[in-house]
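Analysis of the macromolecular model
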Amino acid sequence: MANGAVRLDLDGRPIKPLTICMIGAGGFIGSHLCEKLLNETPHKVLALDVYNDKIKHLLEPDTSEWAERIQFHRINIKHDSRLEGLVKMADLTINLAAICTPADYNTRPLDTIYSNFIDALPVVKYCSDNKKRLIHFSTCEVYGKTIGSFLPKDHPLRQDPDFYVLKEDTSPCIFGSIEKQRWSYACAKQLIERLVYAEGAENGLEFTIVRPFNWIGPRMDFIPGIDGPSEGVPRVLACFSNNLLRREPLKLVDGGESQRTFVYIKDAIEAVLLMIENPERANGHIFNVGNPNNEVTVRQLAEMMTQVYSKVSGETAIESPTIDVSSKEFYGEGYDDSDKRIPDMTIINRQLGWNPKTSLWDLLESTLTYQHRTYAEAVKKSTSKPVAS
Ligand SMILES: NC(=O)c1ccc[n+]([C@@H]2O[C@H](COP(=O)([O-])OP(=O)(O)OC[C@H]3O[C@@H](n4cnc5c(N)ncnc54)[C@H](O)[C@@H]3O)[C@@H](O)[C@H]2O)c1
Ligand SMILES: O=c1ccn([C@@H]2O[C@H](COP(=O)(O)OP(=O)(O)O[C@H]3OC[C@](O)(CO)[C@H]3O)[C@@H](O)[C@H]2O)c(=O)[nH]1
């Protein structure tokens, strides 16, 4: 912690130091949350994951000021008897572990369903049985498609926020047919949300459910062939970063017409910290966490990233910066998409007073600066041909 001042919650009460069992701590969100907790709070982290590359910098012995406050446990929660003991040791469990890349939902639906529902079940049960608080990470995908998407393209009601703004307590969850296996993830996440909610209602589990709306920033996913499989398909930020680093056109799936709102990871982590430190305001709630002001189509995102990457890398953009591909070609059979995702912010605003701050331009500039600094050399080396002797 930067200074020894006592931290106060939103109601002016001192916050007591917590031990947090963070499952999936080695991933994108987990790495930022660990960093925040170690830098700014006195809390201790039991960090569970199968990988730790993204939190190595927090675990090295020379960061001794933190050594006492973070402990890494290499655990696969599918089959590890140490899990319940770690949940019991902590005041709070945060479950981030999941398969959460859309390319997997239709191609590995069984792994996706097991990861997002079956593997999360014991975590909920251990928290409930041992009277421990749980913050469970769900997704904005539980909303599926908007009501407006079923109206004709030029219908005036499509402009009415009631037909597209996504509200935790009133919006329906609208998925495609079973053959559209894209929805295996959303459906598994919805069922685990219902289970957590029911444990709260019937057995008194203290829970908070988080629905992230496209959080992006440094350390998200991987660059294929550099720190991930060459044939792997990460989420859009890493796909487009990879294309820019390799000077290839950015691939627009089905014309890049889908819309997303992107929020900067550092803004979103502030919201999670408020949930951690204000249980009385966060327990029993489901929170949308996103930035409704940062809405773009995927095509616009590609154009912005191309422009920002030119600025931060000093390289001019290629002649044809984007190319259209069909979803079947890109993701395979069974892909489908959410058309539009605007989070309603009423509940998080009322309970925690949280608002996102960073514009899409600013967050892309800091993120693409990181991508260029981290990967440009490695990509160059991997693509340069050996010189014939
Ligand atoms: N990033 C976003 O914008 C976003 C959006 C919606 C939902 N979410 C949810 O937030 C959570 C974290 O997402 P992320 O973006 O950090 O993803 P991520 O893939 O970077 O992190 C997930 C971590 O969980 C770990 N994990 C998976 N299965 C495990 C297992 N069986 N045992 C132990 N560890 C396991 C992985 O190794 C990985 O480090 C997920 O539940 C995801 O569904 C994220
Ligand atoms: O090269 C590409 C990659 C993707 N697209 C399109 O971009 C849209 C967003 O894709 P992505 O970020 O991969 O994922 P989604 O937003 O669809 O889903 C995620 O949202 C939250 C989460 O739960 C976890 O992060 C996950 O399910 C989409 O329309 C792609 O088709 C592209 O055009 N080109």
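From a predicted model like this one, the values you see are computed outputs, not experimental measurements. (Residues numbered from 1 in each chain as written. Chains lettered and ligands numbered in written order. Predicted model: local features only at pLDDT ≥ 70, side-chain atom pairs only at ≥ 80, totals over all residues. Heavy atoms only, no water.)

A word on the overall build of the chain
- Of regular secondary structure, the chain possesses 15 helices and 15 strands.
- The C-alpha radius of gyration computed for the chain amounts to 21 Å, which stays within 12% of the reference 21 Å derived for 389 residues, consistent with globular compactness.
- Counting only C-alpha atoms and orienting by the principal axes, one finds that the chain spans roughly 60 × 60 × 40 Å.
- Long-range contacts, defined as pairs at least 24 residues apart, comprise 80% of the intrachain contacts of the chain with a sequence gap of at least 6.
- In the structure as shown, the chain presents an accessible area of about 18200 Å², 52% of it carried by carbon and sulfur atoms.
- In the chain, the 45 positive side-chain charges and the 52 negative ones have mean positions that sit 2 Å from each other. (Helix = DSSP H or I, 4+ residues; strand = E, 2+ residues; numbered from the N terminus. Rg over C-alpha atoms; globule rule 2.2 N^0.38 Å. Contact = heavy atoms within 4.5 Å. Areas by Shrake-Rupley, 256 points an atom, 1.4 Å probe, with all protein chains shown as cover. Lys, Arg positive; Asp, Glu negative; His and termini not counted. Charge placed at Lys NZ, Arg CZ, Asp CG, Glu CD.)

Notes on the site of ligand 1
- Close contacts around ligand 1 come from 24 residues, with F28, D49, N76, Y185 and W215 the closest.
- I29 places a main-chain nitrogen or oxygen 2.8 Å from an oxygen atom of ligand 1.
- Protein chains shield 89% of the accessible area of ligand 1, which is 820 Å² for the free molecule.
- Residue assignment for the shell around ligand 1 shows that the elements contributing at least two residues are α1 (28–40) and α8 (184–203).
- Here the shell around ligand 1 is composed, by residue class, of 14 nonpolar, seven polar and three charged. (Near = heavy atom within 4 Å. Polar contact = N/O pair within 3.5 Å; in protein donor to acceptor, adjacent residues only side chain to side chain. Nonpolar A, V, L, I, M, F, W, Y, C, P; charged D, E, K, R; others polar.)

Thoughts on the site of ligand 2
- Close to ligand 2 lie 23 residues, the nearest being Y105, E141, Y185, K251 and D337.
- With respect to ligand 2, the side chain of Y335 contributes an N or O atom lying 2.8 Å from an oxygen atom.
- Mapped by element, the contributors of at least two residues to the shell around ligand 2 are α5 (102–107), α9 (236–245), β9 (250–253) and α13 (327–331).
- Taken together, the residues that form the shell around ligand 2 break down as 13 nonpolar, three polar and seven charged.

Overview of helix α10 (residues 265–277)
- Helix length check: α10, at 13 residues, gives a terminal C-alpha distance of 18 Å against a target of 18 Å (1.5 Å per residue), a fit within 8%.
- Most of α10 sits out of view: ten of its 13 residues are buried. (Expected span 1.5 Å × (residues − 1). Buried < 20%, exposed > 50% of the residue type's maximum accessible area, 1.4 Å probe, protein only.)

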